[in-house]
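Chain and residue survey
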Amino acid sequence: MRLPHNQDLENADAAIVGAPFDTGATFRSGARFGPEGIRSASHLLRRYNPSLDVLIFDYLSVIDYGDVPVVPGYIESSYERIAESLEPIHRAGVVPIVLGGDHSIALPELRAAAAVHGPLALVQFDSHPDTWDAYFGEKHTHGTPFRRAVEEGLLDPSRSIQVGMRGSIYDAGDWNDAREMGFDLVPTDEVRELGIPAVIERIRERIGDAKAYVSFDVDFVDPAFAPGTGTPEIGGYTSREAQEFARGLVGLDIVGFDVVEVYPAYDPAGITALLAANIAHDFLSLIALRRKNGG
Ligand code: MN
Ligand code: MN
C-alpha cells in the first residue's frame with residue numbers, strides 16, 4: 001500500500017507487521033514469502049473504502065513496521081521474537097495487522113495481545129479450527145495454536161467463534177473438541193444453511209463488547225479464489241463473501257488482526273495475495289471507521 005516504513009509507534013494508530021515464518025506448516029511450505037507477496041499485491045490499494053464509506057487516512061496514521069526477525073526452522077525462538085515484537089505495538093495502543101506466515105504464528109500474536117489487553121475474544125475465519133492437541137507428536141504447529149492459546153488463558157472461548165470449517169477430518173473430535181473447549185464452531189455446511197447475514201449476527205452477539213482478535217486464514221476462501229495456501233479445502237467462500245464477513249465486523253472492539261497462510265509459490269496469478277491484501281484493507285477500514293464513529 002506504499003505505506004511509510006518506520007517503527008515510530010508514538011505517531012501511529014495501526015501497523016502492518018510481516019511474520020515471514022512457515023516452520024509450523026505441515027503440508028506445503030512457502031508461507032514465509034506471504035508478507036512479501038501481500039505487500040506486492042497491495043500496491044494498487046487506495047485510501048477510500050466505498051463499501052464502508054471511510055477514508056482510511058482521515059482517521060488513522062498507518063505504518064509498515066517491517067518484518068518480525070523470525071528464525072527459520074526454530075519455532076520456539078521465533079515465537080519469542082514474534083511476541084517480543086508485537087507486545088510494544090499493543091502497549092502503544094497501536095493496532096497490528098499481521099501478515100503471515102503459517103497459522104502457528106497466532107499463538108505468539110495472542111501472547112503479545114493478551115499480555116496487554118487480557119484474555120481476548122477470537123473471531124477466526126478458517127476451514128480448520130486449528131485446535132488439535134498435537135500433530136506429528138508436536139505441540140506447536142499450524143494445527144494447534146488455538147488450543148494452546150486457551151490452555152495459556154489468552155482467549156475467552158465463551159466469547160470466541162470459529163467460522164468456515166469444512167473438508168475431510170480425522171474424526172468428529174476434530175471439531176467437537178473445539179466446542180468442548182468452549183468455542184462456538186460454525187462449519188461451512190451450517191453457514192450455507194443459515195446464510196451469511198445470520199452468521200455475521202451470531203459473530204457480533206458472541207463477541208459483544210469484548211476486546212477481540214480477528215484471525216483470517218485464507219484457506220477460508222475457496223481454492224478457486226485462493227489457491228496459494230497451505231492446506232486448501234474445496235467448497236469454500238468466494239472472495240466477495242469473504243469481504244462480506246470482514247465488513248460484518250464493523251464497530252467491534254478489535255485489538256489485532258492477522259491474514260495468514262498465503263503461499264505465493266502456489267499462487268501463479270497472484271490472486272491469493274491480492275485477496276489477502278484487500279482483506280487487510282478492509283481491516284484497516286474497520287479500525288478507521290471505529291475512530292470515525294468515536295470508538
Ligand atoms: Mn488455520
Ligand atoms: Mn486453515
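My aim in this report is to walk through the structure given alongside it, one point at a time. Note that the structure is a prediction, hence the values are computed from the model and not measured.

**Some remarks on the coordination of the manganese ion (ligand 2)**
Coordination sphere of the manganese ion (ligand 2), protein contribution only: Asp126 (OD), His128 (ND1), Asp217 (OD), Asp219 (OD) and Asp219 (OD), at 2.0 to 2.6 Å. In this structure, the manganese ion (ligand 2) lies 3.2 Å from the manganese ion (ligand 1), and both are coordinated by Asp126. Taken together, the residues span a long stretch of sequence, with Asp126 in the loop between strand S6 (121-125) and helix H5 (145-151) and Asp219 in the loop between strand S9 (212-217) and helix H9 (239-247) at a distance of 93 residues. The pair Asp126 / Asp219 is uniform in exposure class, with both members buried.

**Focus on helix H4 (residues 106-117)**
End to end, H4 covers 16 Å across 12 residues, agreeing with the expected 16 Å (1.5 Å per residue, within 8%). Those residues of H4 lying buried are Ala106, Leu107, Pro108, Glu109, Leu110, Ala112, Ala113 and Ala114. Looking at the buried positions of H4, the neighbouring elements they touch are helix H3 (75-91), strand S5 (95-100), H5, S9 and strand S10 (254-260). A positive phi of about 80° marks Gly118, the residue just after H4.

**Side note on the coordination of the manganese ion (ligand 1)**
Listed as protein donors to the manganese ion (ligand 1) are His103 (ND1), Asp126 (OD), Asp130 (OD) and Asp217 (OD); their distances from the metal cover 2.1 to 2.2 Å. Owing to a relative accessible area of 0%, Asp126 belongs among the buried residues under this scheme.

**Observations concerning the packing of aromatic side chains**
Given two aromatic rings, one states the distance between the centres and the angle between the planes to describe the pair. Under the defined criterion, the tally for this structure stands at 12 aromatic pairs. Ring geometry for Phe125 versus Phe245: centroids 5.6 Å apart, planes at 55°, classification tilted. On the criterion of sequence distance, the pair formed by Phe125 in strand S6 and Phe245 in helix H9 is long-range, its members being 120 residues apart. As far as the burial class goes, Phe125 and Phe245 line up, both buried. Taking the centre distance of 5.3 Å and the plane angle of 80° together, the rings of Phe220 and Phe245 count as edge-to-face. In this pair, Phe220 is assigned in the loop between S9 and H9 and Phe245 in helix H9, connecting sequence segments 25 residues apart. Taken as a pair, Phe220 and Phe245 share a single burial class, namely buried. Through a chain of ring-to-ring contacts, the aromatic side chains of Phe125, Phe216, Phe220, Tyr237 and Phe245 assemble into a single cluster.

**Overview of the sheet that holds S6**
Read across the open sheet, the 8 strands follow the order S4-S1-S5-S10-S9-S6-S7-S8; overall the sheet is parallel. Because the sheet does not close on itself, it has two edges, and the strands there are strand S4 (62-67) and strand S8 (184-187). Taking the axes of each pair of neighbouring strands and ignoring which way they run, one obtains an average angle of 15° across the sheet. Two strands pair when backbone bridges link them, and S5 and S10 are joined in this way by 3 bridges, in the parallel orientation. For Leu99, the partnering residue across the bridge sits in S10 and is Val259.

**With respect to the pairing of strand S7 (residues 161-165)**
Within a regular strand, side chains alternate between the sheet's two faces. For S7, the buried fraction is high: 5 of the 5 residues fall into the buried class. Alignment of S6 against S7, held across 3 bridges, turns out to be parallel. Across the sheet, residue Phe125 finds its bridge partner in S7, namely Val163. Of the strand pairs in this sheet, S7 and S8 are connected by 4 bridges, and their pairing is parallel. Across the sheet, residue Val163 finds its bridge partner in S8, namely Val186.

**Things to note about the packing of helix H8 (residues 196-207) against H9**
The contact between H8 and H9 brings their axes to 10 Å, and the two run at 30°. For the crossing formed where H8 meets H9, the hand is right-handed. Along the contact surface, H8 presents Ile196, Val199, Ile200 and Ile203, while H9 presents Glu241, Glu244 and Phe245. Looking at the contact of H8 with H9, its residues break down into 5 nonpolar, no polar and 2 charged.

**Focus on the pairing of S8**
Neither face of S8 is left uncovered, since the one carrying Asp184 and Val186 and the one carrying Leu185 and Pro187 both have all their residues buried. Between the parallel elements S7 and S8, the chain passes through helix H6 (residues 173-180) in a crossover that is right-handed.

Definitions and limits used
- Residues numbered from 1 in each chain as written.
- Chains lettered and ligands numbered in written order.
- Predicted model: local features only at pLDDT ≥ 70, side-chain atom pairs only at ≥ 80, totals over all residues.
- Heavy atoms only, no water.
- Donors = N, O, S within 2.8 Å, 3.2 Å for Na, K, Ca; no water.
- Helix = DSSP H or I, 4+ residues; strand = E, 2+ residues; numbered from the N terminus.
- Buried < 20%, exposed > 50% of the residue type's maximum accessible area, 1.4 Å probe, protein only.
- Expected span 1.5 Å × (residues − 1).
- Contact = heavy atoms within 4.5 Å.
- Phe/Tyr/Trp six-rings, centres within 6.5 Å; stacked < 30°, edge-to-face > 60°.
- Pairing = 2+ DSSP bridges.
- Axes fitted to C-alpha atoms, helices over the stretch in contact; angles between N-to-C directions.
- Left-handed = near helix turned anticlockwise from the far one by under 90°.
- Nonpolar A, V, L, I, M, F, W, Y, C, P; charged D, E, K, R; others polar.
- Right-handed = clockwise from strand over helix to strand, strands pointing away.

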